[in-house]
Amino acid sequence: MKRFSLKYSIFTSKMDLLWFPVAFFGVFVIIASIEKNAPQFMSIVRAYLGAASPLVGGVLAAYALLEDPAIELRFATPIKAAQTLFEKLGLIFVIQAVLALIFQLIILSLGGNFSMYSSGWHLQLAWILPTLTLMLLGCVCSLLAANSTIGALIVGMVWLVQLIARSWFAGNFGKYFLVFMGAFMGDHPDLTANHVSLLIVCVVFFVLSLALLKRQERYI
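It should be emphasised that the depicted structure is a prediction, and the values quoted were computed from it without experimental measurement.

Draft legend 1. Region of interest: helix 7 (residues 148-164). Look at helix 7: 24 Å from first C-alpha to last across 17 residues, which is about the 24 Å you get at 1.5 Å a residue. Turning to helix 7, its buried residues number three or more, namely Ser 148, Gly 151, Ala 152, Val 155, Trp 159, Gln 162 and Leu 163. For helix 7, the angular spread of buried residues about the axis comes to 105°, placing them on one side. Projecting away from the buried face of helix 7 at angles above 90 degrees are the exposed residues Leu 153 and Ile 164. Considering only its buried residues, helix 7 is in contact with helix 3 (41-64), helix 6 (120-145), helix 8 (166-170) and helix 9 (181-184). Two or three places before Thr 149, at the start of helix 7, stands the capping residue Asn 147, its side-chain oxygen 2.9 Å from that residue's backbone nitrogen.

Draft legend 2. Spotlight on the packing of helix 6 against helix 7. Contact geometry for helix 6 and helix 7: axes closest at 7 Å, N-to-C directions at 140°. Accordingly, the angle class assigned to the pair helix 6 and helix 7 is oblique. Helix 6 and helix 7 meet at a crossing whose hand is right-handed. Taken together, the residues of helix 7 that come into contact with helix 6 (itself represented by Leu 134, Leu 137, Gly 138, Cys 141, Ser 142 and Ala 145) are Ser 148, Ile 150, Gly 151, Ile 154, Val 155, Val 158 and Trp 159. Split by residue class, the contact of helix 6 with helix 7 holds 9 nonpolar, 4 polar and no charged.

Draft legend 3. Molecular detail of helix 3. With 24 residues, helix 3 extends 33 Å between its outermost C-alpha atoms, agreeing within 8% with the 34 Å of an ideal straight helix rising 1.5 Å per residue. Along helix 3, the sharpest kink reaches roughly 35°, centred on Tyr 48. Buried residues dominate helix 3, accounting for 20 of its 24 residues.

Draft legend 4. Seen up close, the environment of Gly 58. Among the secondary structure elements, Gly 58 is positioned in helix 3. With 75 residues separating them in the primary sequence, Gly 58 and Thr 133 have C-alpha atoms 7.9 Å apart.

Draft legend 5. Fine view of the environment of Leu 85. Mapped onto the elements, Leu 85 comes out in helix 5 (residues 81-109). If near-sequence neighbours (up to four positions away) are discounted, Leu 85 is found in contact with Leu 65, Gly 90, Cys 139, Phe 206, Ser 209, Leu 210 and Leu 213.

Draft legend 6. Representation of the packing of aromatic side chains in the model. Applying the stated criterion across every chain yields a total of 12 aromatic pairs. Note on Phe 86 and Phe 206: the rings are 5.2 Å apart at their centroids and 45° apart in plane angle, and the pair reads as tilted. Here Phe 206 lies in helix 10 (residues 191-213) and Phe 86 lies in helix 5, a separation of 120 residues in the sequence. With a centroid separation of 5.4 Å and an interplanar angle of 65°, the aromatic rings of Phe 173 and Tyr 176 are classed as edge-to-face. Assessed through its relative accessible area of 59%, Phe 173 is described here as exposed. Ring-pair connections join several aromatic residues into one group, and the members of that group are Phe 25, Phe 28, Tyr 48 and Phe 103. Directly above the ring of Phe 184 sits Arg 166, whose terminal nitrogen or CZ lies 4.9 Å from the centroid.

About the cut-offs
- Residues numbered from 1 in each chain as written.
- Predicted model: local features only at pLDDT ≥ 70, side-chain atom pairs only at ≥ 80, totals over all residues.
- Heavy atoms only, no water.
- Helix = DSSP H or I, 4+ residues; strand = E, 2+ residues; numbered from the N terminus.
- Expected span 1.5 Å × (residues − 1).
- Buried < 20%, exposed > 50% of the residue type's maximum accessible area, 1.4 Å probe, protein only.
- Arc of directions from axis to C-beta.
- Contact = heavy atoms within 4.5 Å.
- Polar contact = N/O pair within 3.5 Å; in protein donor to acceptor, adjacent residues only side chain to side chain.
- Axes fitted to C-alpha atoms, helices over the stretch in contact; angles between N-to-C directions.
- Parallel < 35°, antiparallel > 145°, perpendicular 65-115°, else oblique.
- Left-handed = near helix turned anticlockwise from the far one by under 90°.
- Nonpolar A, V, L, I, M, F, W, Y, C, P; charged D, E, K, R; others polar.
- Bend = angle between axes of the 7 residues up to and from the residue.
- Phe/Tyr/Trp six-rings, centres within 6.5 Å; stacked < 30°, edge-to-face > 60°.
- Lys NZ or Arg CZ within 6 Å of the ring centre and 35° of its normal.

This is the structure we're talking about:
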C-alpha cells in the first residue's frame, strides 16, 4: 500500500471512471465520422479535444477522491496525500490522454488536418492544459467543500461561462485564465502567457488539494 499500485487504483475506482469518458469519446467519433466531409468537421474535432475532454476530466476528478470506496482504508494506512492525489488524478488523466491520442489518429484517418495549430506541441497543449486545469479545479473545490457534487458543479459552471464568453475573456484580463484559448484561439498574441498562467494555476490548485487532503477528519 505504501507504493504506487496501478492495479489497486483501478480496482478501487468506480467504473464511471472508464465508461463516462469512453461514452463521450464514442459520441464524438460517431459525429466526426458522419460529418467528415462537412465544413464544420474540424470544429467538431476541436470541440472534443478542447472542451468535452477537459469537462469530463474535471467532473471525474471532482468525484475521484471523496467517492473512493476505499477512502477510509487509505486514511488508516501510512499513504502520503501526494501519492493519493497522483494515483487518483493520474489515472483519470491517463485515460483522457489515451482517448485524446486515439481520437487524433481517427481524425487523421478520416482526412482531418490539424494545420490550425502551429505545431504538434501546441495541438497537445490545446487539450492537456484545459484538462489539467479543470481536473485540479474539481479536485480542490470538492475537497474544500467536502462535497464531490459541489466540486463537479463548479467545474461545470466555470466551463460553461468560459465557453460562452470566451471572446470577452480573450479581450480582457481573463485571457490569462481562459482554459479554451489554446484550443480555439491558437493565434492569440497572449497564448504563451495564457499557458504559463494556467500552469501556475494548476500548481496552486495541486498544493491546495494536498493541504486539504491532509485534513483527513473532514472527509470521514
